[in-house]
Amino acid sequence: LDPTRLVTYAANIGNVYKGVNSVVDVRGWNYYIGKGETLDGYHKEHPEQPNIGSEQASTLCTRGEYFNNAERCYMASYDENAPAWGATAEYWWKIFAERPWMSGGFVWTGFDYHGEPTPYKWPAVVSQFGIMDLCGFPKDDYYYYKSWWTHETVLHILPHWNWKGKEGQPVDVRVFSNCDEVELFLNGMSQGKKKMEPNSHLRWQVSYAPGVLLAKGFKKGKQVIVSQVETTGEPVSFRIVKEAVPLAPKDENISIYTITAVDKKGRVVPTANAKCEFKVSPGAEIIGVGNGDPSSHDPEKANWCRLFNGYCQVIVKNGELLPLK
């Protein structure tokens, strides 16, 4: 209807030109990229047609979980799980990044969303494709994309370091970063320095001991960033952070609060799952609560919410959230 604009189409097929792909200006790719050879074959036969990833990834991961758990419907957050038709973040992006004639791609999805629980069904009620969970809390893959899609220096360690009962057992440690090299330390002892390949990640097997897991990032031989995760104590209180809401309607007073459980040193406890009860200022209304748990059946409009792996969220209209006990 608008001849001044190019037309594209999200093609859920591979190297097929006949039909709609032969008439659109830009070929869209929904999955079906193989190991890159499908893209290469199509481009070789139709070199003048631009290509874009109209829907890619559908990576499966649950924020703060590091083992697949069918009983709880959780997926490990190591960027290793995807449905048969999808791909991990690193898998699809490496293929696209190595082909300069590919115009990038769109990730399914930015956020988790209600419906399409995959690979688990009921009692799972939320998809797990998001770069962020249902509340907008970043998953680990968020930092993979940030490493290679921004110019900001990134150094992210996973998993958390609260593994009581696993002392002496190996823990799979990953680093998402855009540094040239990263050196990992456990309680001051080096676990080795590794070189980062573009669009990749780094991995160590570390025998668990409580304390501090620290990474140093280097660019051109110079240390430029330090990041760490550490073993926390038990949760003793809640921390409330009021978030900015730049897209809230001007005629509505909307406030979003992030609630975390912290230990006596003020550190977020990444395994905390306590229940929070909320009170608001006179005249205020709680219009939403959540925690990002993909199999939660708790109400999403209530005066309470459970933490999920250390975090939950409450949205308040026309007032303020009062301090929690």
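This text goes with the structure placed above it.
This text gives an overview of the structure that appears in the document. Please read these numbers as outputs of a predicted model, since none were measured by experiment.

Let us look at the sheet that holds strand β5 (residues 155-158). Pairing is antiparallel in the open sheet, where three strands are placed in the order β5-β6-β9. Both outer strands of the open sheet, β5 and β9 (202-207), are each paired with one neighbouring strand and no more. Adjacent strand axes in the sheet meet at a mean angle of 25°, parallel and antiparallel pairs treated alike. Relative to strand β6 (residues 170-177), β5 is paired through four bridges, and the arrangement is antiparallel. From the neighbouring strand, His156 faces β6, where its bridge partner is Phe176. Across the sheet, helix α3 (residues 141-149) touches β5 and β6, and the angle it forms with β6 is around 35°.

A word on a nonpolar patch on the surface. Together, Tyr9, Val20 and Val23 line one region of the surface with nonpolar side chains, adding up to about 260 Å² of accessible area. The topology assignment puts Val20 in the loop between β1 (8-11) and β2 (26-30).

Attention now moves to the packing of helix α2 (residues 89-97) against α3. The contact between α2 and α3 brings their axes to 11 Å, and the two run at 20°. By the criterion of interaxial angle, the relationship of α2 to α3 is roughly parallel. The two elements α2 and α3 meet at a crossing, and its hand is right-handed. Contact with α2, carried on its side by Ala89, Glu90, Trp92 and Trp93, involves Asp141, Tyr144, Tyr145, Trp148 and Trp149 of α3 and no other residues of that element. For the contact of α2 with α3, the per-class residue count stands at seven nonpolar, no polar and two charged.

Moving on, we come to helix α1 (residues 37-45). Listing the buried residues of α1 in full gives Thr38, Leu39, Tyr42 and His43. The buried side chains of α1 occupy one side of the element, clustering within an arc of 125° when seen end-on. α1 presents Lys44 and Glu45 as exposed residues on the side facing more than 90 degrees away from its buried surface. Turning to α1, the residues buried within the fold contact β2, β3 (51-57), α2 and β4 (102-108).

Across the nine residues that make up strand β13 (residues 254-262), a large majority, eight, are buried. Bridge count for strand β12 (residues 237-243) against β13 is seven bridges, and the pairing is antiparallel. Within the sheet, the bridge partner assigned to Ile240 lies in β13 and is Ile259.

With that settled, consider the pattern of salt bridges. Considering all chains together, one arrives at 16 salt bridges under this definition. Between Lys146 and Glu152 there is a salt bridge whose closest N-O contact spans 3.3 Å. Between Asp172 and Arg203 there is a salt bridge whose closest N-O contact spans 3.0 Å. Taken together, the residues Asp172 in strand β6 and Arg203 in strand β9 connect sequence positions 31 residues apart. The exposure class of Asp172 is buried, given its relative accessible area of 14%. Note on Arg203: relative accessible area 40%, which makes it partly exposed. Taken together, the shared-partner salt bridges in this structure form one network comprising Glu80, Asp172, Arg174 and Arg203.

The rules behind these values
Here, residues in each chain are numbered from 1, in the same order as that chain's written sequence. For this predicted model, a pLDDT threshold of at least 70 governs which residues receive local features, and a threshold of 80 or more governs which side-chain atom pairs are given and counted, while totals over whole chains, interfaces and linings are taken from all residues. Side-chain metrics in this entry use all non-hydrogen atoms of the structure; hydrogen atoms and water are not considered. At least two DSSP bridges between two strands are needed for those strands to be called paired. Only runs of H or I of at least four residues qualify as helices and only runs of E of at least two qualify as strands under DSSP, and these elements are numbered from the N terminus. Axes, fitted as lines to C-alpha atoms, cover a helix only where it is in contact. Angles between the N-to-C directions of the axes lie from 0 to 180 degrees. Throughout, a residue-residue contact means that at least one pair of heavy atoms, one from each residue, lies within 4.5 Å. Patch membership needs two things, relative accessible area over 30% and no salt bridge, and members are linked within 9 Å if like-charged or within 5 Å if nonpolar (Val, Leu, Ile, Met, Phe, Trp, Tyr). Only the protein chains shown count as cover for residues, with accessible areas throughout obtained via the Shrake-Rupley method and a probe of 1.4 Å. One speaks of a salt bridge when a side-chain nitrogen belonging to Lys or Arg is within 4 Å of a carboxyl oxygen belonging to Asp or Glu. Working definition: roughly parallel below 35 degrees, roughly antiparallel above 145 degrees, roughly perpendicular at 65 to 115 degrees, and oblique for all remaining angles. A crossing counts as left-handed when the near helix is turned anticlockwise from the far one by less than a right angle, and as right-handed when that turn is clockwise. Residues were grouped as follows: Ala, Val, Leu, Ile, Met, Phe, Trp, Tyr, Cys and Pro as nonpolar; Asp, Glu, Lys and Arg as charged; and all remaining residues, including Gly, as polar. Only protein chains enter the accessibility calculation, which uses a 1.4 Å probe; a residue whose area is less than 20% of its type maximum is buried, one above 50% is exposed, and one in between is partly exposed. This arc is taken over the directions from the axis of the helix to the C-beta atoms.

Geometry only, nothing functional implied.
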